[in-house]
Amino acid sequence: MSVRTRKQERRGGVTEGTQRRREQSQQMGGDILKLPEGMESFSIESAGVIRIDVIPYKVGPGNPYAAPDTQYWERTFFIHRGVGVNEQWVVCPAKTLKKPCPICEEVSRMDKDPNADDEMAKALAPSRRMVLHVRDLKKDPDKVKIWHISHAYFGKAIDEALQAEYEDKENNKDNFCAESPGYYLKCQAETGWQGHGFSVERVDFVPRKEGLDQDILSQAVCLDKLLVIHTYDELKRMLHGTGPAEGSKKTKTGKDQTPAEETADTDLAGMDRTELKQYIKENNLDVKVFKNMSDDDIRDAITAVSEPEEPEGEEPEPEGAADEFDALDRTELKEYIKENKLEVKVFKNMSDDDIREAIRTAEGAGEEPEPEGEEPAGEPGEGDWAKEWPEEAEGEPEAEPEKPATRRRKK
Ligand SMILES: [Zn+2]
C-alpha cells in the first residue's frame, strides 16, 4: 500500500497527472449536468465583489417557474448527495420531475425508522440547486458560462433581492435579465460554510450601460436539457452500492477499480476527492477527511501515513541487511508500527534496535494483524460509511429551509 507519487511523476510528468485530474474534476458534475461541448462552467474563485450578467434562455420542458418557449433565466432542481459507496450526487427525479425516486423512498423510510442513522438520512435528503448562464463582466466578458450552484449559496440571496425590489411595484426587478436595458448583478461573495467555496450573501441590481448583444444571447443553451436523469433502477443500484447500470455511459471512469488495481501503482494526483476517500478506506489508512480539507490536503495526509516507496535522498537500499527493519530509522520504524497496527509501544529510553526487536517480536507473534474495525467483506453498511466520513459532499449546507416569502417570480 505504498504511494508511488515520485515514480509516477518521473514516468508521466506533471502535465499528464494534472490533465487527468482536471478532466476528472470536470466529470464531477457530470452525473448531474451534461455541459454542451465547448461550454465552460463558472465558479466564484474568491471572496469579494463579483459583477455578472445573467443571460436569459428559451425555456424547455419541466421548468417549475417558466413555461416552455418563454424567456427565463434559471433552472431549479434537486439533488441527492452521498448516494451509495461512491457518495455520488444525482438529480432527484421526484422533486425535480415528479417521477418516482428510490432515494426519496429510502429517506422517508429512514424518517419513520427510530433506529435509522440520522446523519445518513440528512446526507441523503434532497437539496435544492440551480443552474444558470452567467458572464463575468470583469474577468471574461465575452463568454457565457454555466453556473451550477446551491440555493443556499446564491438562490437565497437573489430571491431576497428580488423580493425587496418587488416592494416597489412600479420599479421591480423581475425583468432584470431582459436584453435591454436590464441590470447586471453586483454580488457580494463570502467564504462559504466551514470554509468551503464561496457563497453570495448579497445581490444588488445595477443598470446596464448597454443591453445584451446577439453574440452573448446566442451563446445561451436550453438549461432544462442539461440535467442528467438516471432511471429508477439505476438510482436504486447506486443507492445500494452496486454502482450504476452495467454499460451505463454515466459511470465515471475509475470508480469501479478494485483494490488490487489501485495498490499496484497509485497516482494520488490523478484521483479526485471521492477516489481519494475510497483509497483511504480500501487501504485502511489512518486519515480522517474533514470538510475544510482541500483535495491536496487529503493527498498530503495520505502520503504522510504511507510508507515512502523510496527513502528520501535516493540512498540505495543497504545490501545484505539482516532484515528490512535495519534499514528503517526511528521515524520510519514508528510509522511501520502505526501502519501495521502493531502492539508495540515506543518509549523514549528505547534505542532504535530495541524498537526493531520489539517489532520483530510483535510480527512473529502471529500472522498479519487484522486491522480493527474492518468492514466485513462485501458492501460497507451505509450507516457506518456515513459515520466514518465526517465530510458531506462538497461541504455545502444541508437542505436549506424553504422560504415561501422569497419565491422566485415568473416573468
Ligand atoms: Zn429523490
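Counting restarts for each chain, with residues numbered from 1 along the sequence as it is written. Predicted model: local features are reported for residues with pLDDT of at least 70 only, side-chain atom pairs are reported and counted for 80 or more only, and whole-chain, interface and lining totals are derived from all residues.

A. Seen up close, the overall build of the chain. A count of helices and strands for the chain gives 13 helices and ten strands. Across the 411 residues that make up the chain, the buried fraction comes to 29%. Here, residue contact means that the backbone-derived C-beta atoms of the two residues sit within 7 Å. Taking contacts inside the chain between residues at least 6 apart in sequence as the whole, the part at least 24 apart equals 66%. Secondary structure elements are taken from DSSP: a helix is a run of H or I of four residues or more, a strand is a run of E of two residues or more, and numbering for both begins at the N terminus. Exposure criterion: with C-beta atoms placed from backbone coordinates, a residue whose C-beta has 20 or more other C-beta atoms within 10 Å is buried, one with 12 or fewer is exposed, and one in between is partly exposed.

B. Inspection of helix α3 (residues 102-112) at higher detail. Along α3, the residues that are buried comprise Pro102, Ile103, Glu106 and Val107. The arc that holds the buried residues of α3, viewed along the axis, is 145°, so those residues lie on one side. Along α3, exposed side chains directed more than 90 degrees from the buried face belong to Ser108, Asp111 and Lys112. Buried-residue contacts for α3 involve β5 (74-83), α4 (118-124) and α7 (232-239). This arc corresponds to the set of directions leading from the helix axis out to the C-beta atoms.

C. View of unusual backbone geometry. Even without glycine at this site, Asp69 takes up a positive phi of about 75°. For Gln194, which is not glycine, the phi torsion reads 55° and is therefore positive.

D. Just the environment of Trp193, in detail. Position of Trp193 among the secondary structure elements: in the loop between β9 (183-191) and β10 (198-207). Between the C-alpha atom of Trp193 and that of Tyr153, which follows or precedes it by 40 residues, the distance is 9.1 Å.

E. Inspection of the pairing of β10 at higher detail. Between any two strands, pairing holds if DSSP finds at least two bridges. Where β9 and β10 come together, nine bridges link them in antiparallel fashion. Each bridged residue has a counterpart across the sheet, and for Gln188 the counterpart in β10 is Arg202. Linkage of β9 to β10, two consecutive antiparallel strands, is achieved through a turn of six residues, within which Gln194 is found at a positive phi near 55°.

F. Representation of α7 within the structure. The complete set of buried residues in α7 reads Leu235, Met238 and Leu239. Summarising the axial view, the buried residues of α7 lie within an arc of 100°, below the 170-degree limit, and thus occupy one face. Its buried side turned inward, α7 meets β5, β6 (88-91) and α3. Downstream of α7 by a residue or two, Gly241 has a phi angle that is positive, lying close to 80°.

G. Local environment of the pairing of β9. As defined by bridge partners, strand β2 (residues 48-55) adjoins β9 across five bridges and the pair is classed as antiparallel. Each bridged residue has a counterpart across the sheet, and for Gly48 the counterpart in β9 is Ala189.

H. Up close: the confidence of the model for the chain. On average, residues of the chain carry a pLDDT of 74, and 67% of them reach 70 or more. Throughout residues 307-321 the model reports pLDDT below 50, and contacts reaching past four residues in sequence, or to other chains, amount to 14 contacts. pLDDT measures how confident the predictor is about each residue, on a scale from 0 to 100. In the predicted structure, residues 366-411 sits below a pLDDT of 50 and forms 78 contacts with residues beyond four places in sequence or in another chain.

I. Representation of the nonpolar core within the structure. Membership of the largest hydrophobic core comes to 55 residues, with the highest contact counts inside it found for Val54, Ile79, Val90 and Ile103. The biggest single contributor to this core is helix α5 (residues 151-166), with six residues. Among all residues touching Ile103, those that are not within four sequence positions of it are His80, Val83, Cys92, Leu124, Leu235 and Leu239. Think of a nonpolar core as buried Ala, Val, Leu, Ile, Met, Phe, Trp, Tyr and Cys residues, each tied to the set through C-beta atoms within 7 Å. Met271, Leu276, Met293 and Ile298 belong to the second largest nonpolar core, which has five residues in total.

J. Quick look at the packing of α3 against α7. Relative to each other, α3 and α7 sit at 50°, their axes nearing to 8 Å. As judged from the angle between their axes, α3 and α7 are oblique. Along the contact surface, α3 presents Pro102, Ile103 and Glu106, while α7 presents Tyr232, Leu235, Lys236 and Leu239. When the residues that make up the contact of α3 with α7 are grouped by side-chain class, the tally is five nonpolar, no polar and two charged. In this analysis an axis means a line fitted to C-alpha atoms, helices contributing only their contacting stretch, and an angle means the value between N-to-C directions, from 0 to 180 degrees. Here roughly perpendicular refers to angles of 65 to 115 degrees, roughly parallel to angles under 35, roughly antiparallel to angles over 145, and oblique to all remaining angles. As a working rule, the residues Ala, Val, Leu, Ile, Met, Phe, Trp, Tyr, Cys and Pro are called nonpolar, Asp, Glu, Lys and Arg charged, and the rest polar, with Gly in that last group.

K. A look at the environment of Cys187. On the secondary structure map, Cys187 appears in strand β9. Excluding residues within four positions of it along the chain, Cys187 makes contact with Val49, Ile50, Ile52, Val200 and Val203.

L. Broad picture of the environment of Ile79. With respect to the helices, strands and loops of the structure, Ile79 is situated in strand β5. Taking C-alpha positions, Ile79 is 8.3 Å from Thr96, a pair spaced 17 residues apart along the chain. The contact partners of Ile79, leaving out residues within four places of it in the chain, are Ile32, Trp89, Val90, Val91, Cys92, Pro126, Ser127 and Arg129.

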